[in-house]
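Residue strings, one per chain:
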Amino acid sequence: MVIANQEHFFFKHYGLTNQDLATYLTAALSAGGDYADLYFEYLTSTSLMMDESLVKSASQGISAGCGVRVVSGERTGYAYTDDLSPQRILHAARTAALIASAPSKTTVAGFQQKPARSLYPLALPSVDADITAKVELLMRADRAARGYDPRIKEVRASYADELRTILVVGSDGTFAEDSQPLARMNVSCIAKTDASSGRGTSGGGGRVALDFFFGDKTPEFFAKEAARQAILQLDAREAPAGDMEVVLGPGWPGVLLHEAVGHGLEADFNRKKTSAFAGLIGKRVGSEKCTVVDNGTMPWRRGSLNVDDEGQPTQETVLIENGILKGYLSDKLSSKLMGLADTGNGRRESYEHIPMPRMTNTYMLAGQDDPGDIIRSVKNGVYAVNFGGGQVDITNGKFVFSASEAYLIENGQITAPIKGATLIGNGPDVLTRVSMVGNDLKLDEGVGTCGKDGQAVPVGVGIPTIKIDRLTVGGTAKRETGGFMQ
Amino acid sequence: MTTTLETHTPKLETELQEIATDVVRRAMKGGATAAECVVREGDEFSTVVRLGQVETLKESGSRAIGVRVFFGQRAASTYSSDFSAAGIERMLKSALELAKICSEDPYAGIPEAGQLGSLQGDLDLYHEDVYSLPGAERIEYARRAEKAALDADPRIKNSEGGSFDAATGRNALANSHGFVGEYRRSYCSVAVVPIAQDANGGMQRDYWYSVARSLAKLDSAEQVGKEAARRTLRRLGARKVKTAHVPVVLDPMVANSMLGHIFEGVNGDSVYRGASFLAGKLGQKIAGTNVTVIDDGTMPGGFGTTPFDGEGIPTRRTLVIENGILKSYLLNTYTAKKLGLETTANASRGLAGTPGIGPGNYFLEPGTKTPNQIIAEIKDGLYVTEFLGHGANLVTGDYSRGASGMWIVNGELAYPVEEITVAGNLKDMFCNISEIASDLEFRGSIASPTIRIDGLTVGGE
């Protein structure tokens, strides 16, 4: 369905009125409760996959629904419906209302729409663009990857986009609409010789239109990058094992920040004191050179939002300033219970999910050091430039992230590529060991998805080149010096 | 809570399979040469009780429909949650249009009529009792489980909560070769995530849960809470160790993931693309002679049991690895054709896209020793209770993950360890499974007993 004007989408297409919204919210608060909100969502999506130079899979879909939330103290009741008829929404509202057991006291305030940013204004969202143009992107990626090197034996390219139109209304008068485009393409390559094999992946996108892939981030750009990584893996040596100096390259290695500090600073974990960062506000958690922010207001970025999924405008939030822990990422519930400002980080996967504090684009600000000097300062270490995913145990603070492209640094020189290895560290102190921060901040290409409590949301990360004086590298190679316990 | 929570989403009046059959008929009328339709309907209940207070309560139902159409050797799929005549018409129309931009793929297609069918008899997948408890008692189940953990030891001072979940779902599939099938499944679970704190303020969390298709088979709230407490408490005071090459014992919860890597390695989709280190290894020795791995989609009551797979083929039992020899890949119709083999009825289907490959009840055959006997034989080693991260490369077999657990000293679990890595190559690791314990228990569709693997690098200080 092509929808030219997204404004008042649910009013136009489902006949909703302000009066209906007030009725539903009143029903949600009929058993008491401090707050209620409705989240309407209409999502159209396309996905295409090319394998063996054939478009093997193409799919499109539409989903629509409404989630009703009722908050009473620390309790949340939630119900949703995929049928936007008044009876079904009222039924969901009454089901969610059962969480509250006090006599009704909250009334529904008049709706007020706050002015919001327009971070991703698109004349034509890619989901409505000509599909043959998207197929062409895949064909170009396939050709470029196969042409890169005869040892590239398998190429898979995929393209996915969506347009999510939302309306959030709350009993506090919140009224917010947004139309959120998202597009990305991915290329994965397998390289093979008789003796060895390797894989490489690359991709990018954002809240962008199709023309994004005709600028400098072309299908050829991603294809060559995936192919380069796969070929590089063919000659990779065993990675070392144990504690050593680690230099992270700029961009996607910012996943370190996402795992090591980002999750641990989500307000819900700190309200419940289940995070290793609980109670550390104002304390040193990083070296002087470390300033980390979460910023939902960057135009066109995958992790950006005009308003969060509770209708609150997003913002730039300083998490760590010159090594001192400054703040948490909060949503409505946590900000109310903790007496903090709402940082506009309340997000959810879909209308079927309860919102919670989540990251947007999380990155470290650029420092003063020259990236070349950083490498030269390392006698014996690892230079990691590309990563797969990561994971964190927020309670004990231990986090991992898996390097997919890394090199040995020997006497200040980058030498041999090494096999993929997991890096493991402790969130609350890893940044205290950051001794150099490069002047080359870069954000990732726009493919990150974060999972928490079973909910996936798009996010961004970024980091300049940094040096960590000591981090555990999970390789297999025996070290020439230093003993193993056998 | 004094209110009751018995409100449920009313069921569709039309049987799902009638809708599916009708959509297939309409797709064929619209010019498709073959079509397949899936219809799903489900409801869910979940509650989290934290520190004795209800934190969240969620209850809802939803349904969705997906169709895959073929024009000769071109295929495309669409899905929708809109069941109105206009909504279904729109879904079909876009599928038929979308198919035109796809490539001719000589291997594309739905199964032959002769392959289709459904297991007969009661597979014990659905029990109405998962919703038999009144709402307040479901909350009480979660509350008791959390309380059992909190009461177990004064060092357990906090919690991410106790939870109780229940869900039922119906799945229907129809295709233009005459297949129509439908089944219902139910599920309930109780879980607790306690947090323990030691005198220095260091915190650890762990968890335990029970899951069943029938409420009658769910472990008691107290059992789950106590086990969660035991697993959490033993992590307190965890330290880092020096890098070492030692025997590594994986408890069933983490051995499970190792079996998952074998599954990904024999997944036909990775095999035909050469994206698996097990591609081309059929009939060869890929693991120790003590290793036998089975996939069985037919076990009554199993979490991986269904009467037919995602393409309408009756599920079956497949010997994947027998005494270390790779006997079969796991395949759907497409990957079987690509490899010149027969499907193993492992097609898994989402609402959209081409069918993937999923496990039935997939497990490593147990041995005879108890986990304690296996640990008792190790002088110096690592007992892993949790892996962190996803550091397995199925193309090369390279393996490196974060880990925590207990250090084994002279046959005993001596002290907790964390912030370490475990690394090796999957090709060697499967050959180096030196012990398999007797403690096989299904907590999902993939299950493994405790195993011991030799030759790994434990990375630390």
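Nothing here was measured: the structure is a model prediction, and the numbers come from that model. (Residues numbered from 1 in each chain as written. Chains lettered and ligands numbered in written order. Predicted model: local features only at pLDDT ≥ 70, side-chain atom pairs only at ≥ 80, totals over all residues. Heavy atoms only, no water.)

As for the overall build of chain A
Next, step 1: Scanning chain A for helices and strands turns up 10 helices and 23 strands.
Next, step 2: Relative to the 2.2 N^0.38 estimate, which gives 23 Å for 486 residues, the radius of gyration of chain A is 24 Å and therefore close to what a compact globule would have.
Next, step 3: Projecting the C-alpha coordinates of chain A onto the three principal axes gives extents of approximately 70 × 55 × 40 Å.
Next, step 4: Put simply, chain A has 486 residues, and 64% of those count as buried.
Next, step 5: For chain A, the proportion of contacts with a sequence separation of at least 24, taken over those separated by at least 6, is 75%.
Next, step 6: Counting only carbon and sulfur atoms, one obtains 50% of the accessible surface of chain A, whose full area is about 16,700 Å².
Next, step 7: Charge separation in chain A, taken as the distance between the mean sites of 50 positive and 57 negative side-chain charges, equals 3 Å. (Helix = DSSP H or I, 4+ residues; strand = E, 2+ residues; numbered from the N terminus. Rg over C-alpha atoms; globule rule 2.2 N^0.38 Å. Buried < 20%, exposed > 50% of the residue type's maximum accessible area, 1.4 Å probe, protein only. Contact = heavy atoms within 4.5 Å. Areas by Shrake-Rupley, 256 points an atom, 1.4 Å probe, with all protein chains shown as cover. Lys, Arg positive; Asp, Glu negative; His and termini not counted. Charge placed at Lys NZ, Arg CZ, Asp CG, Glu CD.)

Quick look at the interface of chain A and chain B
Next, step 1: Each partner contributes to the interface: chain A provides 78 residues, whereas chain B provides 83 residues.
Next, step 2: For the interface between chain A and chain B, the tally reads nine salt bridges.
Next, step 3: The closest approach of N and O atoms between D51(A) and R273(B), which form a salt bridge, is 3.6 Å.
Next, step 4: For the pair chain A and chain B, the interface holds 37 residue pairs in polar contact (both at pLDDT 80 or more).
Next, step 5: Of the residues forming the side of chain A that touches chain B, the biggest block, 11 residues, is contributed by strand 2 (residues 54–72) of chain A.
Next, step 6: Of the residues belonging to the side of chain A that touches chain B, the class tally is 26 nonpolar, 32 polar and 20 charged.
Next, step 7: With three bridges connecting them, strand 3 (residues 75–81) of chain A and strand 2 (residues 53–71) of chain B associate as parallel partners. (Salt bridge = Lys/Arg side-chain N within 4 Å of Asp/Glu carboxyl O. Polar contact = N/O pair within 3.5 Å; in protein donor to acceptor, adjacent residues only side chain to side chain. Nonpolar A, V, L, I, M, F, W, Y, C, P; charged D, E, K, R; others polar. Pairing = 2+ DSSP bridges.)

Brief notes about the environment of L413(B)
Residues and elements named next belong to chain B.
Next, step 1: Among the structural elements, L413 can be located in strand 18 (residues 412–425).
Next, step 2: In this structure, the C-alpha to C-alpha distance between L413 and G381, residues 32 residues apart in sequence, is 9.2 Å.
Next, step 3: Sequence-distant contacts of L413, that is, excluding residues within four places in its chain, are made with I375, Y383, M406, W407 and I408.

Here's the deal with the sheet that holds strand 19 (residues 433–436) of chain B
In a beta sheet, neighbouring strands are held together by backbone hydrogen bonds and run either parallel or antiparallel to one another.
Residues and elements named next belong to chain B.
Next, step 1: Spatially, the eight strands line up as an open sheet ordered 8-22-18-17-16-9-21-19, and their pairing is mixed. Where the open sheet ends on each side, the last strands, each with one partner, are strand 8 (244–245) and strand 19.
Next, step 2: Pairing analysis gives three bridges linking strand 9 (residues 248–250) to strand 21 (residues 451–453), with the strands arranged antiparallel. Following the sheet pairing, L250 is matched in strand 21 by I451.
Next, step 3: Contacts between helix 5 (residues 252–266) and the sheet are confined to strand 9, strand 16 (380–388), strand 17 (398–409) and strand 21, with strand 16 contributing the most and set at about 75° to the helix. (Axes fitted to C-alpha atoms, helices over the stretch in contact; angles between N-to-C directions.)

Side note on the packing of helix 4 (residues 131–148) of chain A against helix 5 (residues 219–234) of chain A
Geometry of a packed helix pair, given as the angle between the helix axes and the separation of the axes.
Residues and elements named next belong to chain A.
Next, step 1: Interaxial distance between helix 4 and helix 5 falls to 8 Å at its minimum, and their mutual angle equals 35°. Read as a crossing pair, helix 4 and helix 5 show a hand that is right-handed. Note on element contacts: helix 5 touches helix 4 through P219, E220, A223, K224, A227, R228 and I231, opposite L137, R140, A141, A144, A145 and Y148.
Next, step 2: For the contact of helix 4 with helix 5, the per-class residue count stands at nine nonpolar, no polar and four charged. (Left-handed = near helix turned anticlockwise from the far one by under 90°.)

Topic: the pattern of salt bridges
Next, step 1: The tally for this structure, following the rule as stated, stands at 66 salt bridges over all chains.
Next, step 2: Ionic pairing is found between D429(A) and R433(A), a salt bridge with its closest N-O pair at 3.8 Å.
Next, step 3: Given the relative accessible area of 25%, D429(A) is considered partly exposed.
Next, step 4: With a closest N to O distance of 3.5 Å, E97(B) and K93(B) form a salt bridge. Taken together, the positions of E97(B) and K93(B), both in helix 2 (residues 85–99) and four residues apart, correspond to about one turn of that helix.
Next, step 5: Taken together, the shared-partner salt bridges in this structure form one network comprising D51(A), E52(A), K56(A), R156(A), D269(B), R273(B) and K338(B).

Focus: helix 3 (residues 135–152) of chain B
Next, step 1: Taking 1.5 Å as the rise per residue, helix 3 of chain B with 18 residues should run 26 Å; its terminal C-alpha atoms sit 26 Å apart, in good agreement.
Next, step 2: Looking at the buried positions of helix 3 of chain B, the neighbouring elements they touch are strand 1 (34–50), strand 2, strand 4 (156–175), strand 5 (180–197) and helix 4 (221–233) of chain B. (Expected span 1.5 Å × (residues − 1).)

Considering the side chain of S335(A)
Next, step 1: With respect to the helices and strands, the residue S335(A) is situated in helix 8 (residues 332–338).
Next, step 2: Setting aside its immediate chain neighbours within four residues, S335(A) contacts S330(A), L340(A), A341(A) and D342(A).

What to know about empty space enclosed by the protein
Leftover empty space is mapped by rolling, across the atoms, a probe with the size of a water molecule.
Next, step 1: The final tally for this structure, using the stated rule, is seven cavities of 30 Å³ or more.
Next, step 2: Here the second largest cavity is characterised by a volume of approximately 70 Å³.
Next, step 3: Lining of the second largest cavity is provided by D393(A), N396(A), K398(A), I424(A), R235(B), E386(B), L388(B), A403(B), S404(B), E418(B) and E419(B).
Next, step 4: Breaking the lining of the second largest cavity down by element, the ones donating at least two residues are strand 16, strand 17 and strand 18 of chain B.
Next, step 5: For the lining of the second largest cavity, the class distribution of residues is three nonpolar, two polar and six charged. (1 Å grid on protein atoms, 1.4 Å probe; cavity = no way out; pocket = protein on both sides within 12 Å on 5 of 7 lines; lining within 4 Å. Points joined across faces, edges and corners; volume = space filled by probe spheres on them.)

Regarding the sheet that holds strand 19 (residues 442–443) of chain A
Next, step 1: With mixed pairing, six strands are arranged side by side in an open sheet as 10-9-8-13-22-19 (chain A). Edge positions in the sheet fall to strand 10 (324–325) and strand 19 of chain A, since each of these pairs with one other strand and no more.

Things to note about the confidence of the model for chain A
Residues and elements named next belong to chain A.
Next, step 1: A residue-level look at chain A finds 97% of positions with pLDDT of 70 or above and a mean pLDDT of 94.
Next, step 2: Under a pLDDT of 50 for its full length, residues 1–5 has, in the predicted model, 10 contacts with residues more than four places off or in other chains.
Next, step 3: Contacts for the low-pLDDT stretch residues 480–486, under 50 throughout, to residues beyond four places or in other chains number 11 contacts. (pLDDT = per-residue confidence, 0-100.)

Looking at the packing of aromatic side chains
How two aromatic rings sit relative to each other is set out by the distance from centre to centre and by the angle between their planes.
Next, step 1: Under the criterion given, the structure shown has 25 aromatic pairs over all chains.
Next, step 2: When the centroid spacing of 5.6 Å and the interplanar angle of 45° are considered together, the rings of F10(A) and F40(A) count as tilted. Taken as a pair, F10(A) in helix 1 (residues 9–14) and F40(A) in strand 1 (residues 35–51) lie far apart in primary sequence, 30 residues in all.
Next, step 3: Looking at F10(A), the relative accessible area reads 1%, which means it is buried.
Next, step 4: Judged by relative accessible area, which is 1%, F40(A) ranks as buried.
Next, step 5: Where F263(B) meets Y362(B), the ring centres are 5.4 Å apart and the plane angle is 80°; that geometry is what we call edge-to-face. A residue pair is termed long-range when its members are at least 10 positions apart, and F263(B) in helix 5 and Y362(B) in strand 15 (residues 361–364) qualify at 99 residues.
Next, step 6: Given a relative accessible area of 7%, F263(B) falls into the buried group.
Next, step 7: Overall, the relative accessible area of 0% leaves Y362(B) in the buried class. (Phe/Tyr/Trp six-rings, centres within 6.5 Å; stacked < 30°, edge-to-face > 60°.)

Concerning the packing of helix 1 (residues 16–29) of chain B against helix 2 of chain B
Residue and element names in this part refer to chain B.
Next, step 1: Contact pair helix 1 / helix 2: the axes reach a minimum separation of 10 Å and the direction vectors enclose 50°. Comparing the axis directions of helix 1 and helix 2 gives the class oblique. Remark: the crossing between helix 1 and helix 2 carries right-handed chirality. When helix 1 is examined against helix 2, the residues V23, R26 and A27 are found in contact with a partner set consisting of A85, I88, E89, M91, L92 and L96. (Parallel < 35°, antiparallel > 145°, perpendicular 65-115°, else oblique.)

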